[in-house]
Amino acid sequence: TARARRRRRAWWASGLAAAAAAVVALVVVFTPAFAPGRAAEVVALENVTDAPLSATVELADVAWGTRIEMTCRYDEAPYPDVPADGGPYVLGVVAADGTTSELSTWRARPGTTARLGAGTELAREDIAAIEVRALTTQKVLLRAAIAE
């Protein structure tokens, strides 16, 4: 009947309106977290010692500072002075004023890849370097200069 068709149309219209409102709400909630401007920057960290690690970081500007996504690979081959089961590591950032902050820690084992996300309140231009250090000794193993 015509009445049933009108009810179905009204039901679909209200469902579509609710879905559209949900999409708008998500855009409003998540958009401010990302600062407009520069595109994300991918940087390879350089070995400072003969560590069995290699890593890249992606730096992205966000409204509250900088988001850092890291991929760190641990080689299969054994290395002197490195435990057979790997070791604990720390991702750190060095600010332009020389202060350091630990952002995240993890344990790497031979043949594995760690992916982690972290953040800092520092703007990208205020980051002098990103480092991977041995957690137990704080010895810098990998480093990349960021700010110029």
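Preceding this section is the structure that the text describes.
This structure is a prediction, so every number in the text was calculated from the model and none was measured. (Residues numbered from 1 in each chain as written. Predicted model: local features only at pLDDT ≥ 70, side-chain atom pairs only at ≥ 80, totals over all residues. Heavy atoms only, no water.)

Caption draft 1: View of the overall build of the protein. The helix and strand tally for the protein stands at 1 helix and 9 strands. When the helices and strands of the protein are listed from N to C terminus, the series reads α-β-β-β-β-β-β-β-β-β. The buried share of the protein, taken over its 148 residues, is 32%. In the protein, once contacts between residues fewer than 6 apart in sequence are set aside, the share between residues at least 24 apart is 56%. (Helix = DSSP H or I, 4+ residues; strand = E, 2+ residues; numbered from the N terminus. Buried < 20%, exposed > 50% of the residue type's maximum accessible area, 1.4 Å probe, protein only. Contact = heavy atoms within 4.5 Å.)

Caption draft 2: Seen up close, the environment of V43. Structurally, V43 can be placed in strand β1 (residues 41-44). Spatially, the C-alpha atoms of V43 and M70 are 9.6 Å apart, while their sequence positions differ by 27 residues.

Caption draft 3: Structural detail: the pairing of strand β3 (residues 53-62). For β3, the buried fraction is high: 7 of the 10 residues fall into the buried class. Pairing geometry for β3 and strand β4 (residues 65-74), over 10 bridges, is antiparallel. Residue E58 lies in a different strand from β4, and its bridge partner there is E69. (Pairing = 2+ DSSP bridges.)

Caption draft 4: Fine view of the side chain of R124. Tracing the backbone through its elements, the reader meets R124 in the loop between β7 (113-120) and β8 (127-134). A residue is classified by how much of its surface remains accessible, and R124, at 4% relative accessible area, is buried. In this structure the side chain of R124 is engaged in a polar contact, spanning 3.2 Å, whose partner is the side chain of E41. Sequence-distant contacts of R124, that is, excluding residues within four places in its chain, are made with R38, A39, A40, E41, L59, A60, D61, T66 and I146. (Polar contact = N/O pair within 3.5 Å; in protein donor to acceptor, adjacent residues only side chain to side chain.)

Caption draft 5: Focus on the sheet that holds strand β6 (residues 100-108). Across the sheet, 5 strands lie side by side as β2-β9-β8-β5-β6; this open sheet has antiparallel pairing. Looking at strand neighbours, the two that pair on one side only are β2 (46-47) and β6, the edges of this open sheet. Inspection of the sheet shows β2 paired to strand β9 (residues 140-145) by 2 bridges, in the antiparallel sense. Paired with N47 across the bridge in β9 is L142.

Caption draft 6: Main features of the sheet that holds β3. An order of β1-β3-β4-β7 is seen for the 4 strands of this open sheet, with the pairing classed as antiparallel. Of all the strands in the sheet, the pair left with one neighbour each is β1 and β7. Going from strand to strand, the sheet's axes swing by 20 degrees on average, the running direction of each strand aside. Alignment of β4 against β7, held across 8 bridges, turns out to be antiparallel. Along β7, the bridge assignment pairs E69 with G117. (Axes fitted to C-alpha atoms, helices over the stretch in contact; angles between N-to-C directions.)

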